[in-house]
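Structural overview for review
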Amino acid sequence: MLCTVLGTVLGVLVALYGLFELHYFLRMCLCVVSARFLKKRMHILDTSSVVGLCLTNDIDTLLYHMNNARYLREVDFARVDFYERTSLYRTIRSKGGSVVQGATTIRYRRFIRPFTRFTISSKIVYWDNQSIFMEHRFIGGTDGFIHCIALCRQRVMQCSVEDVMATLLKSGLSLQQPTAMSAGSTKRTAPTTSSTEFLDKAEAGTGGGTLEPAVSLSKPDLPPEVSKWLEWNEISSASLRSEG
């Protein structure tokens, strides 16, 4: 009886691994749980970092560096970490929207060797009313060299990106409002100013307190590489439309 049960379980596991990349789904679940419950919350314009390790199932047929396709797979895990810690995905869903990968470009600079640790830094570099542009850098664990850089366009549907980002900028500022301390007391009390009022006062320079310098009140300027990339995307789209 025990052998039958063990054989059945083993058969199910083999079938699951044959039909699905099971460890990918397990790792994705682990990333979500870790980002949501174990890691520190982030402002939407902060840079997140996740640590990776090149294992034997990541290397290519030459057996001495990471497979080119694995870089984009690792970006998936880094992006999920960023989405959860900044509440970006939940904010999009709360506004009735959804998000898909619209485009990706990647540039390789140096091999990542087997059993080498690396860090993926992720940040938003620009957005328009339809898309969010993220940059992901693969940074060597020992020398800090940027082994690879990827630029991704996240297409947001059924809601306005500007609205989503305004919400997240305001909520991020509300977490960094100054606290009041009465004379002779060590008890700190939160201000009564709402996040929207605080944002308006901060922009006008009349907030009555100090803002953390790391917080930006407006979106970044369009980077030149993103501008050229958008131009290439438009040319490609026009070419494909002409064929159809």
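In what follows, the structure referred to is the one given above.
What you see is a predicted model, and the numbers here were worked out from it, not measured in a lab. (Residues numbered from 1 in each chain as written. Predicted model: local features only at pLDDT ≥ 70, side-chain atom pairs only at ≥ 80, totals over all residues. Heavy atoms only, no water.)

1. So, helix H7 (residues 224–243)
- Its 20 residues place the ends of H7 29 Å apart at the C-alpha level, agreeing with the 28 Å of an ideal helix rising 1.5 Å per residue.
- Burial in H7 covers these residues: Val226, Trp229, Leu230 and Asn233. In an axial view of H7, the angular spread of the buried residues amounts to 100 degrees, which keeps them on one side of the axis. Residues Pro224, Lys228, Trp232, Glu234, Ile235, Ser242 and Glu243 are exposed on H7 and point more than 90 degrees away from its buried face.
- On its buried face, H7 sits against strand E2 (98–108), strand E3 (117–127), strand E4 (131–140) and strand E5 (146–157). (Helix = DSSP H or I, 4+ residues; strand = E, 2+ residues; numbered from the N terminus. Expected span 1.5 Å × (residues − 1). Buried < 20%, exposed > 50% of the residue type's maximum accessible area, 1.4 Å probe, protein only. Arc of directions from axis to C-beta. Contact = heavy atoms within 4.5 Å.)

2. Concerning the pattern of salt bridges
- Under the definition given, this model contains 13 salt bridges.
- The shortest N-O distance in the salt bridge between Glu74 and Arg27 comes to 2.8 Å. Here the residue Glu74 occupies a position in helix H3 (residues 68–86), and Arg27 occupies one in helix H2 (residues 22–38), the gap between them amounting to 47 residues.
- For Glu74, a relative accessible area of 3% translates into the label buried.
- Sharing partners across several salt bridges, the network here consists of Glu21, Asp58, Arg70 and Arg73. (Salt bridge = Lys/Arg side-chain N within 4 Å of Asp/Glu carboxyl O.)

3. A few points about the nonpolar core
- In terms of nonpolar packing, the biggest core is built from 19 residues, with Ile44, Phe82, Leu88, Ile124, Trp127 and Ile132 touching the most fellow members.
- Residue assignment for this core shows that the elements contributing at least two residues are H3, helix H4 (88–94), E3, E4 and helix H5 (161–174).
- Looking at this core, the element that brings in the most residues is H5, giving 5 residues.
- Not counting residues up to four positions away in its chain, the partners in contact with Ile124 are Ile44, Phe82, Ile132, Phe133, Met134, Met165 and Pro220.
- Listed in part, the 13 residues of the second largest apolar core include Met66, Phe118, Ile120 and Cys148. (Core = buried A, V, L, I, M, F, W, Y, C linked by side-chain atoms within 4.5 Å.)

4. Thoughts on a nonpolar patch on the surface
- Nonpolar side chains collect at one region of the surface, where Met1, Val5, Val9, Val12, Leu13, Leu16, Tyr17, Leu19, Phe20, Phe25 and Leu26 lie side by side and expose about 1,100 Å² of accessible area between them.
- Every element with two or more residues in the nonpolar patch is listed here: helix H1 (2–19) and H2.
- Looking at the nonpolar patch element by element, the count peaks at 7 residues for H1.
- Here Phe20 shows up in the loop between H1 and H2.
- A relative accessible area of 44% places Phe20 in the partly exposed class. (Patch = residues over 30% accessible without salt bridge, like charges linked within 9 Å, V, L, I, M, F, W, Y side chains within 5 Å. Areas by Shrake-Rupley, 256 points an atom, 1.4 Å probe, with all protein chains shown as cover.)

5. Observations concerning the packing of aromatic side chains
- The tally for this structure, following the rule as stated, stands at 9 aromatic pairs.
- A ring pair is formed by Tyr24 and Phe25, whose centres lie 5.6 Å apart and whose planes are at 85 degrees; its orientation type is edge-to-face.
- A centroid spacing of 5.0 Å and a plane angle of 70 degrees characterise the contact between Tyr71 and Tyr108, whose relative ring orientation is edge-to-face. Of this pair, Tyr71 sits in helix H3 while Tyr108 sits in strand E2, and the two are 37 residues apart along the sequence.
- By the ring-pair criterion, three or more aromatic residues cluster together here, those being Tyr71, Tyr108, Phe118 and Phe138.
- Its guanidinium or amino end placed over the ring of Phe145, Arg110 lies 3.6 Å from that ring's centre, counting from NZ or CZ. (Phe/Tyr/Trp six-rings, centres within 6.5 Å; stacked < 30°, edge-to-face > 60°. Lys NZ or Arg CZ within 6 Å of the ring centre and 35° of its normal.)

6. Focus on the sheet that holds E5
- What the 5 strands build is an open sheet, ordered E1-E3-E4-E5-E2; its pairing is antiparallel. Among the strands making up the open sheet, the edge pair consists of strand E1 (48–53) and E2. Going from strand to strand, the sheet's axes swing by 25 degrees on average, the running direction of each strand aside.
- Of the strands in this sheet, E1, E2, E3, E4 and E5 are in contact with H3, which crosses E4 at around 115 degrees.
- Running over the sheet, H7 touches E2, E3, E4 and E5 and is turned about 60 degrees from E5. (Pairing = 2+ DSSP bridges. Axes fitted to C-alpha atoms, helices over the stretch in contact; angles between N-to-C directions.)

7. A few points about the state of the cysteines
- Scanning the model with the defined rule gives 0 disulfides in all.
- Cys29 forms no disulfide, and the closest cysteine sulfur to it belongs to Cys31, at a distance of 9.3 Å. (Disulfide = S-S within 2.5 Å.)

8. Let's talk about the packing of H2 against H3
- Interhelical geometry of H2 versus H3 gives an angle of 25 degrees and a closest axis separation of 8 Å. As far as their axial angle goes, H3 and H2 are roughly parallel. The handedness of the crossing between H2 and H3 comes out as right-handed. From H2, His23, Tyr24, Arg27, Met28, Cys31, Val32, Ala35 and Arg36 reach across to H3, where they touch Arg73, Glu74, Asp76, Phe77, Val80, Asp81, Glu84 and Arg85.
- Tallied by class, the residues present in the contact of H2 with H3 amount to 7 nonpolar, 1 polar and 8 charged. (Parallel < 35°, antiparallel > 145°, perpendicular 65-115°, else oblique. Left-handed = near helix turned anticlockwise from the far one by under 90°. Nonpolar A, V, L, I, M, F, W, Y, C, P; charged D, E, K, R; others polar.)

Geometric values such as these leave the question of function open.
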